[in-house]
Amino acid sequence: SWLLLNTINPKFVTSSLSLQQVTVKAPEGTRTTVPCESCITITKVPIKNGAGNQLNQDVAQRAEALYQGLANDKIGWHITEGHPPEVAHASPCHSNGMCYDANFTDDTFKTAENINLVAEIARGTGQTAIWEVPTIGAAAALLKTTPAVLEKNIRVVPGVTPHFHIELKRDE
């Protein structure tokens, strides 16, 4: 093959190849993990098989309080994404154990009333729980139900399966 390339054009076989170093910034929502800040293993809240089982100690204690509050109302719930994360996330708190994703254990719990209840109980534990949906249409449908999901409890994130994103409470 060298002889053939050299015959066609000698420049094809010369080694004057010059490569430049390229720095590529990771795109938004890339899975990156850093050491989990003061993390503990989650033992008092159910976790989806294969999901990360660690959270920052303060976040884990608040997740336990939320779980207990929901259990009192007989609402099945579990963590679907702890630390380390399984998939890429736009929220950087997933990379260090400062937030988690959760979902109902059964579709029968996925009602507007229960979404609002989770958000309310989360606020009482010092957390913000946002129900993420994949489309504006899905959000609009929940806003029209009776009772309606409160607008502050919903966020559209294209491509997601509906679930809660839960983090330490933000100013509202």
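Relevant structure appears above.
Residues numbered from 1 in each chain as written. Predicted model: local features only at pLDDT ≥ 70, side-chain atom pairs only at ≥ 80, totals over all residues. Heavy atoms only, no water.

**Student:** Give a description of the nonpolar core that names residues and reports values.
**Tutor:** Within the largest apolar cluster, 31 residues are counted, with the highest numbers of intra-cluster contacts made by Leu55, Leu66, Trp77, Ile79, Tyr100, Phe164 and Ile166. Only α2 (57-72), β3 (77-81), β4 (99-104), α3 (112-124), β5 (127-133), α4 (136-144) and β7 (163-168) provide two or more residues apiece to this core. (Core = buried A, V, L, I, M, F, W, Y, C linked by side-chain atoms within 4.5 Å. Buried < 20%, exposed > 50% of the residue type's maximum accessible area, 1.4 Å probe, protein only. Helix = DSSP H or I, 4+ residues; strand = E, 2+ residues; numbered from the N terminus.)

**Student:** Quick rundown of the pattern of salt bridges? Include the residues and the values.
**Tutor:** Throughout the structure, instances matching the rule amount to four salt bridges. Put simply, Asp107 and Lys110 hold a salt bridge, and the shortest N to O gap is 3.1 Å. For Asp107, a relative accessible area of 58% puts it in the exposed group. A salt bridge links Arg155 to Glu132, with the nearest nitrogen and oxygen atoms 2.8 Å apart. (Salt bridge = Lys/Arg side-chain N within 4 Å of Asp/Glu carboxyl O.)

**Student:** Tell me about the environment of Ile40, and please be specific about residues and values.
**Tutor:** For Ile40, the position within the fold is in strand β1 (residues 39-41). Sequence separation between Ile40 and Asp58 is 18 residues, and the spatial gap between their C-alpha atoms is 9.3 Å. The contact partners of Ile40, leaving out residues within four places of it in the chain, are Asn53, Gln54, Leu55, Gln57 and Ala60. (Contact = heavy atoms within 4.5 Å.)

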